[in-house]
Amino acid sequence: MNKKGFIFDLDGVIVDTAKYHYLAWRKLAESIGVSFTEKENEQLKGVSRIKSLEKILEWGNKTISEDDFMKLMAIKNDDYLTYINKMDEEEILIDVNRVLEYLIQNKQGIALGSASKNARTILKKVNLISDFNAIVDGNDVEKGKPNPEVFLKAAKALEIEPQHCIVFEDSVAGVQAANAANMVSIGIGEQEILHEADYVFKNFTEMENSFLNELIKK
Ligand code: BG6
Ligand code: MG
């Protein structure tokens, strides 16, 4: 049977929330005197909230108490949620709907594999939650990307073997996680950044249904 598992990352793949994470982290980093540009931000894509703050503190050579650490995480998330609360279907990235529809029509397994603890909230905001057969997010895993746990759990939930799963990812950590899970990795973004992926597309518009069909038939 040609049933594959298609696992989507959320931030930067389905919706352009990567820009909101960036704005919220930059504001927080600057508030504690750590400089933060798109270059640093790239290293935070796909990385959990805790790990992201640890990295920012490391870059700024800062040590803080556990209490302050928790406070900063809450400040970042509150700020991030002010953007999320304003979201609607308009923010679904280009051609995501066409790809989802094609996979649904062809009775493929569809899962979310995200590091975010806000994933369900976001999927509801953009009205996509019912398209997913399984959702594995930051609340369900112990080890973040590049560890493959999130994708392996998604494959298990879909009841599809990892080698029959395909992952769409915009982050380096996520592509590495997909590769470590022994899945087909498809980078959505820039080739220079995502060169470890099996395939890279700028966005879903570049990915035709015939390519999806080949993945299904493989
Ligand atoms: C990932 C993002 O999807 O989720 C990261 O790429 C983010 O930038 C991580 O830090 C955790 O998200 P959240 O919503 O739980 O803070
Ligand atoms: Mg992402």
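Residues numbered from 1 in each chain as written. Chains lettered and ligands numbered in written order. Predicted model: local features only at pLDDT ≥ 70, side-chain atom pairs only at ≥ 80, totals over all residues. Heavy atoms only, no water.

This part takes up the domain arrangement of the protein. Domain annotation for the protein reports domain 1 (5–15 + 89–217) and domain 2 (18–84). Of note, the centres of domain 1 and domain 2, computed from C-alpha atoms alone, are 24 Å apart. In this complex, domain 1 contributes 14 residues to the contact, which on the side of domain 2 involves 12 residues. Contact with domain 2 buries surface across domain 1, with D11, E91 and N118 losing the most and accounting together for 33% of the total. Linking domain 1 with domain 2 are 0 salt bridges. Applying the counting criterion to the domain 1 and domain 2 interface returns 4 residue pairs in polar contact (both at pLDDT 80 or more). (Domains from an automatic or database assignment. Contact = heavy atoms within 4.5 Å. Buried area = accessible area lost by both parts, 1.4 Å probe. Salt bridge = Lys/Arg side-chain N within 4 Å of Asp/Glu carboxyl O. Polar contact = N/O pair within 3.5 Å; in protein donor to acceptor, adjacent residues only side chain to side chain.)

For the magnesium ion (ligand 2), the protein coordination sphere consists of D9 (OD), D11 (O) and D170 (OD), at 2.0 to 2.1 Å. For the magnesium ion (ligand 2), the single-chain donor residues occur in sequence as D-x1-D-x158-D. An identical accessibility class is assigned to D9 and D11; each is buried. (Donors = N, O, S within 2.8 Å, 3.2 Å for Na, K, Ca; no water. Buried < 20%, exposed > 50% of the residue type's maximum accessible area, 1.4 Å probe, protein only.)

Now for the pairing of strand β2 (residues 109–113). Taken across its 5 residues, β2 has 5 buried, putting it largely inside the fold. Taking every second residue as pointing to the same face, both faces of β2 are buried, with G109, A111 and G113 on one and I110 and L112 on the other. Taken together, the 4 bridges between strand β1 (residues 5–8) and β2 define a ladder with parallel strand orientation. Within β2, the position partnered with F6 by the bridge is I110. In this structure, β2 lies alongside strand β3 (residues 134–136), joined through 3 bridges in parallel fashion. If you follow A111 over to β3, its bridge partner there is A134. As for the winding sense of the linkage, the β-α-β connection from β2 through helix α6 (residues 119–125) to β3 is right-handed. (Helix = DSSP H or I, 4+ residues; strand = E, 2+ residues; numbered from the N terminus. Pairing = 2+ DSSP bridges. Right-handed = clockwise from strand over helix to strand, strands pointing away.)

Next up on the list: the layout of surface pockets. For the largest pocket, the calculated volume is near 760 Å³. What lines the largest pocket is a set of 38 residues, among which G46, V47, S48, R49 and A115 lie closest to the centre. Elements with a contribution of two residues or more to the lining of the largest pocket: α1 (18–31), α2 (38–44), α3 (49–59) and α4 (66–84). Of the residues forming the lining of the largest pocket, the biggest block, 5 residues, is contributed by α3. (1 Å grid on protein atoms, 1.4 Å probe; cavity = no way out; pocket = protein on both sides within 12 Å on 5 of 7 lines; lining within 4 Å. Points joined across faces, edges and corners; volume = space filled by probe spheres on them.)

Attention shifts here to the packing of aromatic side chains. By the definition in use, this model includes 9 aromatic pairs. An aromatic cluster is defined as three or more aromatic residues linked by ring pairs; in this entry it consists of F6, F8, F132, F168 and F204. The ring of Y80 carries the charged tip of K76 above its face, separated from the ring centre by 4.5 Å. (Phe/Tyr/Trp six-rings, centres within 6.5 Å; stacked < 30°, edge-to-face > 60°. Lys NZ or Arg CZ within 6 Å of the ring centre and 35° of its normal.)

Attention shifts here to the side chain of N41. In this structure, N41 sits in helix α2. Residues within four places of N41 in sequence aside, it is in contact with Y22 and F36.

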